[in-house]
Amino acid sequence: MATTGYQTAKTQPMVKRDGRMFSTSEDAAMLKQIQATHSPDGLEVDVKPLLTVIDEILKRATPPDITGVINLACRCSSGADAHSTTMAILNLVSSQKWEAKLVTSLAAFAVNHGEFWLIAQLYATNPLAKAIALLKQLPDILVHSHSLKSRFDAITNLIKAILDVTKCVVEFNELPSQYISDETPPMSAAIALIPTAAYWTIRSMVACASQITSLLGMSYEHMTATAEAWELSSLAHKVRNIHGHLMAQLALCHQHIGEPFELLEVYERKHDDYFRMLVRLFQTPHLDNLKILKVLINSKDDPLPLVDGNTKTRVGIEVLSRKIVLLLISDLDLSPEELIILSHIYQEERQRTDTHYEVVWIPVVERSMPWNEGTKLKFEQLQSSMPWYTVHGPLAIEPAVTKYIKEVWHFQKKMLLVVLDPRGKVTCRNAYHMIWIWRNMAYPFATAKEVELWKEETWRLELLVDGIDPNILDWISQGKFICLYGGEDIEWIRRFTTLAKSVAQTAGISLEMVYVGRSSSREKVRKIVETIMREQLSHTWPDLISIWYFWARLESMLHSKMQHGKMAENDLLMQEIMTMLSFDGNDGGGWALISRGTTELGRSKGDTVERSFREFPVWEEESKEIGFLPALVDHLHKLHTPEHCSRLILPGISGGIPETVVCAECGRPMEKFFMYRCCTD
């Protein structure tokens, strides 16, 4: 009995020339012959990655403007028995499932087809391609390519039909077996159709290959014959008809499962299972890191899931075997500054012999986000700028992996650097701050190493400027006084730098001054830097990335301390870090930090330090007795008043903001406010 215009599985015929299915006893015998070649060994193979590559090859191998050379090295010669060749191919892939037979056969076809279209694209500019074309006796095809357009169009149309049927058969295999069995009527009907589909699809590949090969050595009159184009068009009509029947059965299968709502529930259950499997994997010891990495970034068993940032070529996951791996997790809104600084750190590591690790970018892209040309271009631009390994495409990341990254590793918006040791164990959930502070000195980037580095650290100028300005390190070794100052009030900057130089001259000290700007207001800071350089007010960092990095490192110091439970009331370093950050949050007002050597430091807000310098005659004698910097610090303390208003702006960070933050100046708990900012400066 017919349903929705299609016959049931038991009476489903094979497609004949007029578009009907096989119905004669001869055709039934052919179907039996096809099924006799099918002897699967039960091996499950994920053919989707291979099908993606095939699709890319065939899409690029059939451009709309046919002006090149085309040929296919097919083992069946022109005029060979297409049926016998098709059966030989089916026997060759007898141990595979039907979808694997199609994809394997199509891969072989795509390789040869793609090779010769590559010659076509390179013929005019590449001597090697031209020489190969001549050896394959292709000049006549090149000369008469426009006359062959109808035949090439027929081939293109048939290839599209071949791809459509192959993808449809693969989709049947991906249906959840626990919700629709092979015996369920819509599925059983599809299973009855698939051998027919496989036969005609492979036979169409043979026809395409034979038609192109038959052009070799033909005269122009034979080339322009239309019979061959008609034969290909007839096959395309047949294969499209089969595709229509398969799509109808696929729709019935989805209806049986309960598309779209019930199927969505099935997929969500599958993702939950994957998530729980991830949790178990990270709780289990392993001999190496490959199992963990495959689950994270190669769940589809793609043989080449990564792109090497150095060579820009696809590589296998084995390049990461038994190495320390930093998983760079971010969305597509990575800042240029972050990329530049991390690239410098990574390139420095390549020059060292005592450290070796790899970085892999895992982009987190919401599935609800449209994957259009703009998004794709944004991803490709970021990928091309990275010198480390990257995932080939963000859509290869399983939704369950994204869920794990967010719920377990607390990824929100800011970049994470999750560290895996050579066995795949997480040794630090976020080494971002550690690396920003100590760069490669933090190797191997384990949490224990971060604790060790803080134990050895003191509040000193080197901590503030390490990796930013080598001149300052030279001045420290020379015993010079060094003043770092910031803010965005250019009038205060003019007054302060002039006054500081005058006091230094009077006191007989060598003073170097460096403007370090602000963490925000980049355009204002850029103009101030230009003014300082033009008027020669002091040293500055003309590279705004250095200014950004200075403040980013201070923020990282704060977050790193917070991660280890440190607060300002019981940690001197924390107090100084918060004081510096409060200077930056002080409405753009000036501030200054003055140092000599590695441990002598004094700092204050702009108006206070300016007043201290104006009152230098008051403490000049003391500076001669105990030293310039101790005398300055004493005078700053004398000018300090209980009245103050300090602001500390903490950018949103993974893991949240602490409930209580005390004022670095007076030790009282600070009031907490929320601020939302959109800043394009």
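Residues numbered from 1 in each chain as written. Predicted model: local features only at pLDDT ≥ 70, side-chain atom pairs only at ≥ 80, totals over all residues. Heavy atoms only, no water.

- As annotated in an unreviewed UniProt entry, the protein is Protein SIEVE ELEMENT OCCLUSION B-like from Escallonia herrerae.

## Things to note about the overall build of the protein
Link 1 in the chain: A count of helices and strands for the protein gives 26 helices and 12 strands.
Link 2 in the chain: Classification of the 681 residues of the protein by burial places 50% in the buried group.
Link 3 in the chain: Of the contacts made within the protein by residues no fewer than 6 positions apart, 73% connect residues no fewer than 24 positions apart.
Link 4 in the chain: If you sum the accessible surface of the protein, you get close to 33100 Å²; carbon and sulfur atoms cover 54% of it. (Helix = DSSP H or I, 4+ residues; strand = E, 2+ residues; numbered from the N terminus. Buried < 20%, exposed > 50% of the residue type's maximum accessible area, 1.4 Å probe, protein only. Contact = heavy atoms within 4.5 Å. Areas by Shrake-Rupley, 256 points an atom, 1.4 Å probe, with all protein chains shown as cover.)

## Concerning the packing of aromatic side chains
Centre-to-centre distance and the angle between the planes together describe a pair of aromatic rings.
Link 1 in the chain: In the structure shown here, the tally under the stated rule is 28 aromatic pairs.
Link 2 in the chain: Ring geometry for Phe481 against Phe628: centres 5.5 Å apart, planes inclined by 80 degrees, an arrangement best described as edge-to-face. Within this pair, whereas Phe481 is found in strand β8 (residues 481-486), its partner Phe628 is found in helix α26 (residues 628-639), the two being separated by 147 residues in sequence.
Link 3 in the chain: Here the aromatic residues Tyr346, Tyr357, Trp388, Tyr443 and Phe445 are joined through ring pairs into a cluster of three or more.
Link 4 in the chain: It is Lys561 that lies over the ring of Trp454; its NZ or CZ is 4.5 Å from the centre. (Phe/Tyr/Trp six-rings, centres within 6.5 Å; stacked < 30°, edge-to-face > 60°. Lys NZ or Arg CZ within 6 Å of the ring centre and 35° of its normal.)

## Topic: the nonpolar core
Link 1 in the chain: Counting residues in each nonpolar core, the largest one holds 97 residues, and the members touching the most others are Trp436, Ile472, Leu484, Tyr485, Phe496, Phe550 and Phe613.
Link 2 in the chain: If you tally residues by element for this core, the top one is helix α22 (residues 544-563), at 11 residues.
Link 3 in the chain: Among all residues touching Phe550, those that are not within four sequence positions of it are Leu464, Val465, Ile468, Leu484, Val516, Trp541 and Met580.
Link 4 in the chain: Within the second largest apolar cluster, 55 residues are counted, among which are Leu58, Ile162, Val165 and Ala198. (Core = buried A, V, L, I, M, F, W, Y, C linked by side-chain atoms within 4.5 Å.)

## Examining the sheet that holds strand β4 (residues 357-363)
Link 1 in the chain: Judged by pairing direction, the sheet is mixed, and its seven strands sit side by side in the order β2-β1-β5-β4-β3-β6-β7 without closing on themselves. Edge positions in the sheet fall to β2 (314-315) and β7 (426-428), since each of these pairs with one other strand and no more.
Link 2 in the chain: Where strand β6 (residues 416-420) meets β7, two bridges bridge the pair, whose relative direction is antiparallel. Residue Val419 lies in a different strand from β7, and its bridge partner there is Cys428. (Pairing = 2+ DSSP bridges.)

## Focus: the packing of helix α20 (residues 490-507) against helix α24 (residues 606-614)
Link 1 in the chain: At a minimum axis distance of 10 Å, the contact between α20 and α24 shows a crossing angle of 35 degrees. Note on packing geometry: the crossing formed by α20 with α24 is left-handed. For the pair α20 and α24, the contacting residues are Trp492, Arg495, Phe496, Leu499, Ala500 and Val503 in the first and Gly606, Asp607, Val609, Glu610, Phe613 and Arg614 in the second.
Link 2 in the chain: Here the contact of α20 with α24 is built from residues that sort into seven nonpolar, one polar and four charged. (Axes fitted to C-alpha atoms, helices over the stretch in contact; angles between N-to-C directions. Left-handed = near helix turned anticlockwise from the far one by under 90°. Nonpolar A, V, L, I, M, F, W, Y, C, P; charged D, E, K, R; others polar.)

## Focus: helix α8 (residues 185-213)
Link 1 in the chain: The first and last C-alpha atoms of α8 sit 42 Å apart over 29 residues, in line with the 42 Å expected at 1.5 Å per residue.
Link 2 in the chain: Along α8, the helix axis deviates most sharply at Leu193, where the bend reaches about 30 degrees; the proline Pro195 sits within four residues downstream.
Link 3 in the chain: With 24 of its 29 residues buried, α8 lies for the most part within the structure. (Expected span 1.5 Å × (residues − 1). Bend = angle between axes of the 7 residues up to and from the residue.)

## A look at the side chain of Asp308
Link 1 in the chain: Inspection of the secondary structure assignment puts Asp308 in the loop between β1 (306-307) and β2.
Link 2 in the chain: Among buried charged residues, Asp308 stands out as having no salt bridge; its nearest opposite-charge side chain is Lys312, 7.3 Å away.
Link 3 in the chain: Not counting chain neighbours up to four residues away, the residues in contact with Asp308 comprise Thr313, Val315, Trp388 and Tyr389. (Lys, Arg positive; Asp, Glu negative; His and termini not counted. Salt bridge = Lys/Arg side-chain N within 4 Å of Asp/Glu carboxyl O.)

## So, the pairing of strand β12 (residues 600-605)
Link 1 in the chain: In this structure, strand β11 (residues 591-596) lies alongside β12, joined through six bridges in antiparallel fashion. Pairing of Leu593 across the sheet is with Arg603, part of β12.

## Examining the sheet that holds strand β9 (residues 511-515)
Link 1 in the chain: In space, the five strands of this open sheet follow the order β10-β9-β8-β11-β12, with mixed pairing throughout. In this open sheet, the two strands that pair with only one neighbour each are β10 (539-540) and β12.
Link 2 in the chain: One ladder, built from two bridges, connects β9 with β10; its direction is parallel. Each residue of the ladder has a partner; that of Val514, found in β10, is His539.
Link 3 in the chain: The strands touched by helix α23 (residues 572-584) within the sheet are β11 and β12, with β12 carrying the most contacts at an inclination of about 35 degrees.

## Re the confidence of the model for the protein
Link 1 in the chain: In this model, the protein carries an average pLDDT of 82, and 81% of its residues clear a pLDDT of 70 or more.
Link 2 in the chain: This model gives residues 63-71 a pLDDT under 50, and the stretch forms 31 contacts once residues within four places in sequence are excluded. (pLDDT = per-residue confidence, 0-100.)

## Some words on the environment of Ala229
Link 1 in the chain: Among the secondary structure elements, Ala229 is positioned in helix α10 (residues 227-257).
Link 2 in the chain: Along the chain, Ala229 and Leu148 lie 81 residues apart, while their C-alpha atoms are 9.4 Å from each other.
Link 3 in the chain: Discounting residues that sit within four places of it in the chain, Ala229 has contacts with Ser150, Arg151 and Ala154.

## Regarding unusual backbone geometry
Link 1 in the chain: Cis peptide bonds are those with omega within 30 degrees of zero, and the linkage from Tyr443 to Pro444 qualifies with 10 degrees.
Link 2 in the chain: With respect to the element layout, Pro444 can be found in the loop between α16 (432-438) and α17 (447-456).
Link 3 in the chain: Its identity is not glycine, yet Lys312 carries a phi of approximately 60 degrees, on the positive side.
Link 4 in the chain: Within the element layout of this structure, Lys312 appears in the loop between β1 and β2.
Link 5 in the chain: Of note, Arg322 is a non-glycine position whose phi angle comes to about 55 degrees, a positive value.
Link 6 in the chain: Inspection of the secondary structure assignment puts Arg322 in the loop between β2 and β3 (324-330).

## Describing the pattern of salt bridges
Link 1 in the chain: This structure, assessed with the given rule, holds 33 salt bridges.
Link 2 in the chain: The closest approach of N and O atoms between Lys160 and Asp164, which form a salt bridge, is 3.2 Å. One end of the pair is Lys160 and the other is Asp164, both in helix α7 (residues 149-173) and four residues apart, which spans about a single turn.
Link 3 in the chain: Judged by its relative accessible area of 25%, Asp164 is partly exposed.
Link 4 in the chain: Here Arg276 and Asp273 are joined by a salt bridge, their closest N and O atoms 2.4 Å apart. In this pair, Arg276 and Asp273 both sit in helix α11 (residues 261-283), three residues apart, roughly one turn of the helix.

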